[in-house]
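Examining the three-dimensional arrangement
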Amino acid sequence: MAECIFCRREAVYLRLYSGERLCRKCYVKSIESRVQHTISKHSMFKPNDRIAVALSGGKDSVSLLHILSGIEEGFPQSELVAITIDEGISGYRPEAIRIARENCERLGVEHYVYSFKKLYGQTLDQIVTMAREGCELTPCSYCGILRRKALNVAAKEVNATRLATAHNLDDEVQSMLMNIIRGDVSRISQIKPVLEGEKQGFVQRTKPLCEVPEREVALYAFLKRIKFQTVSCPYLETSLRQDVRLFLNRLEMKHPGTKFTIYRSFGKIRPYLEGMERMGELGYCEVCGEPATGGVCRACQTLQDLGIALR
Ligand code: SF4
Ligand code: ZN
Ligand code: ZN
């Protein structure tokens, strides 16, 4: 391959959507700078924040942990911790937890694990088996609803002031299109780099990787020799997300830059959707005390529908 456009070393990557050829060192720097830029642009953190990283053990969250750990060195008053949610997916999650723990040990980051079993009395595997009979939601829907609540509960328990999740550009664009496909247009306004809610029982969620494409996060992890889980979740194939991902990847290959264009277009539409959509009054769940728009939060409602006794 030709030379790096910045330093003339041998390039290892051609960024098709910008035309840049980059060597290993400049590539790594470009990703870290972009994340830093996203953080400043959206004022994601304060210098004295206690930031909890939602750490699954996959390439995105482990890369985010490494990048934030590097940035955090410049802010001695801030703290970084990691939270892993053990949904209870046999043959998949145990390895991810081990990898997450190893990365935390390497970086000297406190690591907390919270399980569905302990929080809800059932593993995701058990929930999926129970649900198949009634077949209401997909495994990923159950997982998403219950994980979101678990992360918020955990972040509060470990006294985090921010919860950083590793959603990358692809995740965000997929979510935008999925909401269109489902006809749930108003929800698009909720897909953004910083989610409000600090004062409403939520730990404020931020997405520092939201402007980095998935394949660039993977290359970053590979070039930095970061250890991450490579096995996919056994439920992945059942998701609409996977179909949208393949569709977007095909488009991106033929028309480089498509994902960024969609992302920015939705960014322009978002203020109008926010104006249109008035979320229901936010209160607290009658069952668990977590934030809820109705009397009962979505997680408790989902468990109730399955006949699972609530705790
Ligand atoms: Fe959960 Fe679906 Fe992700 Fe598996 S693929 S961890 S079930 S959201
Ligand atoms: Zn270079
Ligand atoms: Zn609840």
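Residues numbered from 1 in each chain as written. Chains lettered and ligands numbered in written order. Predicted model: local features only at pLDDT ≥ 70, side-chain atom pairs only at ≥ 80, totals over all residues. Heavy atoms only, no water.

The subject of this paragraph is the packing of helix α2 (residues 59-72) against helix α3 (residues 93-107). Where α2 meets α3, the closest approach of the two axes is 11 Å, and the angle between their N-to-C directions is 10°. By the angle between their axes, α2 is roughly parallel relative to α3. Contact residues: α2 offers Val62, Leu65, His66 and Ser69, while α3 offers Asn103, Cys104, Arg106 and Leu107. When its residues are assigned to classes, the contact of α2 with α3 shows four nonpolar, three polar and one charged. (Axes fitted to C-alpha atoms, helices over the stretch in contact; angles between N-to-C directions. Helix = DSSP H or I, 4+ residues; strand = E, 2+ residues; numbered from the N terminus. Parallel < 35°, antiparallel > 145°, perpendicular 65-115°, else oblique. Contact = heavy atoms within 4.5 Å. Nonpolar A, V, L, I, M, F, W, Y, C, P; charged D, E, K, R; others polar.)

Moving on, we come to the coordination of the zinc ion (ligand 2). Listed as protein donors to the zinc ion (ligand 2) are Cys4 (SG), Cys7 (SG), Cys23 (SG) and Cys26 (SG); their distances from the metal cover 2.3 Å. Here the zinc ion (ligand 2) is ringed by four donor atoms whose angles at the metal span 101 to 119°, and the overall shape comes out tetrahedral. Coordination of the zinc ion (ligand 2) draws on donor residues from a single chain, spaced C-x2-C-x15-C-x2-C in sequence. The same class applies to cysteine 23 and to cysteine 26, which are both buried. (Donors = N, O, S within 2.8 Å, 3.2 Å for Na, K, Ca; no water. Tetrahedral: all angles 85-135°; square planar, octahedral: opposite > 155°, others 65-115°. Buried < 20%, exposed > 50% of the residue type's maximum accessible area, 1.4 Å probe, protein only.)

Expected angles at a metal are 109.5 degrees for tetrahedral coordination by four donors and either 90 or 180 degrees for octahedral coordination by six donors. Every protein donor of the zinc ion (ligand 3) is listed here as Cys285 (SG), Cys288 (SG), Cys297 (SG) and Cys300 (SG), and their distances to the metal cover 2.3 Å. Here the zinc ion (ligand 3) is ringed by four donor atoms whose angles at the metal span 104 to 114°, and the overall shape comes out tetrahedral. Given the relative accessible area of 28%, cysteine 288 is considered partly exposed. Given the relative accessible area of 2%, cysteine 300 is considered buried.

This part covers the pairing of strand β3 (residues 50-54). Regular strands place their side chains on alternate faces of the sheet. With five of five residues buried, β3 is to be regarded as a mostly interior element. Burial of β3 is two-sided: the residues Arg50, Ala52 and Ala54 facing one way and the residues Ile51 and Val53 facing the other way are all buried. Here β3 pairs with strand β4 (residues 79-86) via five bridges, running parallel. Each residue of the ladder has a partner; that of alanine 52, found in β4, is valine 81. Between β3 and its parallel partner β4, the chain crosses via α2, and the hand of that crossover is right-handed. Sheet analysis places β3 next to strand β6 (residues 162-164), joined by three bridges and oriented parallel. Bridge pairing in β6 places valine 53 opposite alanine 164. (Pairing = 2+ DSSP bridges. Right-handed = clockwise from strand over helix to strand, strands pointing away.)

Now for the domain arrangement of the protein chain. Accessible area lost on assembly of the parts is the figure often given for the size of an interface. The domains assigned to the protein chain are domain 1 (25-278) and domain 2 (281-311). On a C-alpha basis, the centres of domain 1 and domain 2 stand 23 Å from each other. Every contact between the two is made by 23 residues of domain 1 and, on the other side, 14 residues of domain 2. Between domain 1 and domain 2, roughly 1500 Å² of surface is buried when both sides are summed, and carbon and sulfur atoms account for 66% of that area. It is Ile145, Lys149 and Gln200 in domain 1 that bury the most area against domain 2; as a group they hold 32% of the surface buried on that side. Counting the contacts that link domain 1 with domain 2 gives one salt bridge. Put simply, lysine 156 and glutamate 290 hold a salt bridge, and the shortest N to O gap is 2.8 Å. In this structure, the connection of domain 1 to domain 2 is made through two residue pairs in polar contact (both at pLDDT 80 or more). (Domains from an automatic or database assignment. Buried area = accessible area lost by both parts, 1.4 Å probe. Salt bridge = Lys/Arg side-chain N within 4 Å of Asp/Glu carboxyl O. Polar contact = N/O pair within 3.5 Å; in protein donor to acceptor, adjacent residues only side chain to side chain.)

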